Structure formats: C-alpha cells, structure tokens
Amino acid sequence: MSARRGLAVSSASVRVGFQFRTQHSHSLDPLSRFRALAEATHVKPRTLITGSFGQLGRGLGSMLRYMYGEQYVFMTDIVRVDRNNPDAVNYSFLDVTNEKAIEEMVVNNNIDTLVHFSALLSAVGENNVPLAIEVNANASNKILEVARKHRLKVFIPSTIGAFGPTTPLDLTPDITIQRPRTIYGVTKVYNELLGEYYAERFGVDFRCLRFPGIISATKPGGGTTDYAIQIFYDALIHGEHKCYLEPNTRLPMMYDTDCMASIVFFLAAPQEQLSMRTYNVTGFSFTPDEIAAAIRKVMPDFKITYENICPIRQKIANSWPKALDDTNARRDWGWHNDFDLDSTVNIMFALLQAQMHPQEHTFAKLP
C-alpha cells in the first residue's frame, strides 16, 4: 500500500483533525480516520521507533508510513531483518541501553518524535529480572535524557500490568493505587513517573498510554494476555485451544488498529488539551469463555479446554484490572475505539487465513 502524502493546513485544522470522530464503519473503511489526520497535519513528524519488530512496532511503523511516507519513519531493533521484509524500511540496529547510539540515530536522522517500545513483557520479565530492569527501566532513562537534550516528543507505552492486587479492578481510573507485583509492572510505573518528572522538571513532551491486552495478527511475544492471539492460530490449525487462564478471567483488550489510532491521535493532540501525561485507553473486556463463544459464531465446532492453567500467568492476571476507565482520554483528545469483540474475531480470522493461504487473498496488509 502506498504511503499517504500529508497536506499542509492551519494549526486550527490540526486541532479539528485529531478530534475527528469518523462516521464511517470500520468495516467500510478502517483507515479513514488515519487519512483524515494525515491530511490535517501541517508538519509531518519524523519518528524513530525502538523495538520496532515487536507486536506494536511493526503496526505503528506501517501506519505512519501509510500516513506520512516512508522517509519519515525510522525502524530500530536488535534483530536481523530480511532485506525483503516490507517493514524493514529505514531499518537500523539500535541497542537502547546505549545512550550515545540513541543520540546518534536522533541527530543523524533529524528525529523529532521518539516512540520507545523496547521492553520485556510480563511473563518473560519474571524469568529474567536483571535484564527486565536494564531494558524496561534503565533504557528509558537514556531515552528521556536524549529527549531532554534534543527537545523531542517522546512516547513510552504503559500497561494494565502497572496496576496490582490492591488496585480497584472494575473500571480502573487513571489515577489510583497501583502497587504492581511483577517486574514488568514495576518498571512501567517507573517509566510513567520518570516521564512525568521529565515533563514537569525539564519540559519534555512526554506522553504515555496504559494499554490493555493488544490483539493483532502477529505471533504472541510472552505476555499474559497473549492467549487472546494464540486462540485464533489454534482455532484455525487445531480447531481447539488449551487455555492457560481460568475460564472466568476477565481482562481488558483492544484490537491492533484501535491501538495504533490511540497512539497517532494522542501524539497529534496539542499539549494544551492534555490534562495529564499518562492515560488509560481500552477497547472491550472479555473472559476466555466469552471469546470462545464469539469464535463459535464463526467456527461452531471450536473447543476450548482449561487443563493446563499456568499458575504464574493466572496470578498475574488476577492482579490486573477487569476493565479500564478511559473517560479522560475520550474527553481530552477524542479517543474512541472502532472495534468490539465480534468485529475483532472476524478481522483476526480474515488476516490469519490470509497469512496461511496468501495466494487465496489479495486484500491489503493494513486492516
């Protein structure tokens, strides 16, 4: 899919653009809101993405290239990428624990927006705490220092993992007791507070969203909510899924395209419209039983079993919110989700079937 070329308009139009609430169904044109924002953007951001070959990085990179053009998006990670990979545009190796290397990337490519996705997820982090501290906390120190020196806008995502067992778990608000019990959550709270400190102390334009579980057509990467991705692969390959969480474990989730929308619209919002630096965003909540029921609407013979409950993941899930309150994001900068559970199930099956049988499908990669 070719990249959009953004149009120059007034700052007032930008303000209208990012508040734009599409009246078109996502089933008709899921990209209309992104095009509207790109066309209302006066200065195209030059964005550096760390951890760009993780679940979120590839999606955001694709979306930003679609909106602004590939020359404005710089992908970095520590993995070797095939030169024919469509996501390997402007790709460079970058060790996020090396502040000098980060600074060189920023200066050499005239970066003005830094999106820091590099992190060890919840279950993976519990198996290597020292590395989780190095990547999830110490690297963020370096990212924020580079942002301070070069006056960058910086986005570092947070998570429902930033909450803990003493948090109010139903409609969890933006500001509440957190006290997480995983190293992933602890480092994310650290990122939130350090970023807010840099914003207040040094004027860094720090922005952070607390994400629920993200459902996308990429293979799971070790998170507690990843069953909600694996279940689609298992449905298509095996016709059944062996769930590691108990059937009534309710967690908030969001479809990938909505996640990308939350990031790009949040980054486009003028600072004066933000009442805080860290916001909750969410799509919908469900249990394993409920997503299995939604899958059966498409695949009636699908089965789910609960013979292999993972005690570590179950303990983590029990400490996380059942639903997030994202009222402030909806009010301040116009956040809204387009996808619900049923529409997510439909698009996931379509995308995974296209992955498995590409010769039978011709629709575009961006859903």
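For the structure, see preceding data.
An account of the accompanying structure is given in this report. Residue positions are counted from 1 within each chain, in the order its sequence is given. It should be noted that, the model being predicted, local features are given only for residues of pLDDT at least 70 and side-chain atom pairs only at 80 or more, the latter also being counted only at that level, while totals for whole chains, interfaces and linings use all residues. Hydrogen atoms and water are omitted, and side-chain values are computed over all heavy atoms in the structure.

## Focus: a nonpolar patch on the surface
The following threshold applies: Like-charged residues are merged into a patch within 9 Å and nonpolar side chains (Val, Leu, Ile, Met, Phe, Trp, Tyr) within 5 Å, provided each residue has over 30% relative accessible area and no salt bridge. The accessible surface values rely on the Shrake-Rupley method and a 1.4 Å probe; as for residues, cover is taken only from the protein chains in view. The working definition used for a salt bridge is a side-chain nitrogen of Lys or Arg within 4 Å of a carboxyl oxygen of Asp or Glu. Helix and strand assignments come from DSSP, with helices taken as H or I runs of at least 4 residues and strands as E runs of at least 2, each series counted from the N terminus. The classification of residues rests on relative accessible area computed with a 1.4 Å probe and restricted to protein chains. Under 20% of the type maximum is buried, over 50% is exposed, and intermediate values are partly exposed.
Taken together, Ile 78, Val 79 and Phe 93 make up a surface patch of nonpolar side chains, about 320 Å² in accessible area. Secondary-structure assignment places Phe 93 in strand E3 (residues 91-93). Residue Phe 93 is classed as exposed on the basis of its relative accessible area, which comes to 57%.

## Concerning the pairing of strand E1 (residues 47-50)
Moving residue by residue along a regular strand, the side chains alternate between the two faces of the sheet. Convention followed: Any two strands with at least two DSSP bridges between them are considered paired.
Here E1 shows a buried face lined by Thr 47 and Ile 49 and a second buried face lined by Leu 48 and Thr 50. Relative to strand E2 (residues 73-77), E1 runs parallel, the two sharing three bridges. Across the sheet, the residue bridging to Thr 47 is Val 73, located in E2. When E1 meets strand E4 (residues 113-116), the two strands line up parallel, connected through four bridges.

## Here we look at the packing of helix H8 (residues 227-237) against helix H13 (residues 341-356)
Operational definition: The axes used here are C-alpha line fits, helices contributing only the stretch in contact, and every angle between their N-to-C directions lies in the interval 0 to 180 degrees. For this classification, under 35 degrees means roughly parallel, over 145 means roughly antiparallel, 65 to 115 means roughly perpendicular, and everything else is oblique. In a left-handed crossing the near helix is turned counterclockwise from the far helix by less than a right angle, and in a right-handed crossing that turn is clockwise. Whether two residues touch is decided by their heavy atoms; if any such pair falls within 4.5 Å, the residues are in contact. By the convention adopted, Pro, Cys, Tyr, Trp, Phe, Met, Ile, Leu, Val and Ala count as nonpolar, Lys, Arg, Asp and Glu as charged, and the other residues, Gly among them, as polar.
Put simply, H8 and H13 touch, their axes get as near as 10 Å, and they point 60° apart. Between H8 and H13, the interaxial angle falls into the category oblique. Where H8 crosses over H13, the two elements pack in a sense that is right-handed. Two secondary-structure elements touch here, H8 through Phe 232, Tyr 233, Ala 235, Leu 236 and Ile 237 and H13 through Val 345, Met 348, Phe 349, Leu 352, Gln 353, Gln 355 and Met 356. Class assignment for the residues of the contact of H8 with H13 results in ten nonpolar, two polar and no charged.

## Structural notes on the sheet that holds strand E8 (residues 213-215)
Within a sheet, adjacent strands bond to each other through the backbone by hydrogen bonds, running parallel or antiparallel. Judged by pairing direction, the sheet is mixed, and its three strands sit side by side in the order E8-E10-E12 without closing on themselves. Where the open sheet ends on each side, the last strands, each with one partner, are E8 and strand E12 (284-286). The mean angle between the axes of side-by-side strands here comes to 45°, regardless of whether they run parallel or antiparallel. Pairing of strand E10 (residues 251-255) with E12 involves three bridges; the strand directions are antiparallel. Note on E12: the bridge partner recorded for Met 253 is Phe 284. Strands in contact with H8 are E8, E10 and E12; relative to E8, the strand with the most contacts, it is inclined by about 25°.

## Comments concerning the nonpolar core
A general tendency of soluble globular proteins is for nonpolar side chains to be buried together. This is how the line gets drawn: The term nonpolar core refers to a set of buried residues drawn from Ala, Val, Leu, Ile, Met, Phe, Trp, Tyr and Cys, joined through side-chain atoms within 4.5 Å.
In this structure, Leu 60, Met 67, Phe 155, Phe 211, Ile 263 and Trp 333 are the most contacted members of the largest nonpolar core, which totals 38 residues. Elements with a minimum of two residues in this core: helix H2 (32-39), helix H3 (55-68), E2, strand E7 (205-211), helix H9 (256-268) and helix H12 (327-333). Top contributing element to this core by residue count: H9, with eight residues.

## What to know about the pattern of salt bridges
When the charged atoms of two side chains with opposite charge come close together, those side chains can pair. A full pass over the atoms with the stated rule returns 15 salt bridges. Across the salt bridge formed by Arg 33 and Asp 258, the nearest N and O atoms sit 2.6 Å from each other. Taken together, the residues Arg 33 in helix H2 and Asp 258 in helix H9 connect sequence positions 225 residues apart. In this structure, the salt-bridge partner of Asp 342 is Lys 297, at a minimum N-O distance of 3.1 Å. With Asp 342 in helix H13 and Lys 297 in the loop between helix H10 (288-296) and strand E13 (303-305), the pair connects residues that are 45 residues apart, well separated along the chain. Here Asp 342 falls in the partly exposed class, since its relative accessible area comes to 34%. For Lys 297, a relative accessible area of 61% puts it in the exposed group. Three or more residues joined by partner-sharing salt bridges are found here, namely Arg 33, Asp 258 and Asp 338.

## Thoughts on H8
Among the eleven residues of H8, eight are classified as buried, and the element is accordingly described as predominantly covered. Looking at H8, one finds that the buried residues are Tyr 227, Ala 228, Ile 229, Ile 231, Phe 232, Tyr 233, Asp 234 and Ala 235. At the C-terminal side of H8, Gly 239 shows a positive phi close to 80°.

## Structural notes on helix H11 (residues 311-318)
We count it as follows: For this quantity, the arc is that covered by the directions from the helix axis to the C-beta atoms.
Of the residues making up H11, those classed as buried are Gln 314, Ile 316 and Ala 317. Summarising the axial view, the buried residues of H11 lie within an arc of 160°, below the 170-degree limit, and thus occupy one face. Along H11, the residues that are exposed and aim more than 90 degrees away from the buried face are Pro 311, Ile 312 and Lys 315. Looking at the buried residues of H11, the elements they touch are helix H5 (122-127) and E10.

## Some details on the pairing of E2
The criterion, for reference: If you view a crossover with the strands going away from you and the path from the first strand over the helix to the second runs clockwise, you call it right-handed.
Across the five residues that make up E2, a large majority, five, are buried. Of the two faces of E2, the one holding Val 73, Met 75 and Asp 77 and the one holding Phe 74 and Thr 76 are both buried throughout. A crossover links E1 with its parallel partner E2, the connecting element being H3, and its sense is right-handed. As paired elements, E2 and E3 share three bridges and run parallel to each other. Its bridge partner being in E3, Met 75 is matched across the sheet by Tyr 91.

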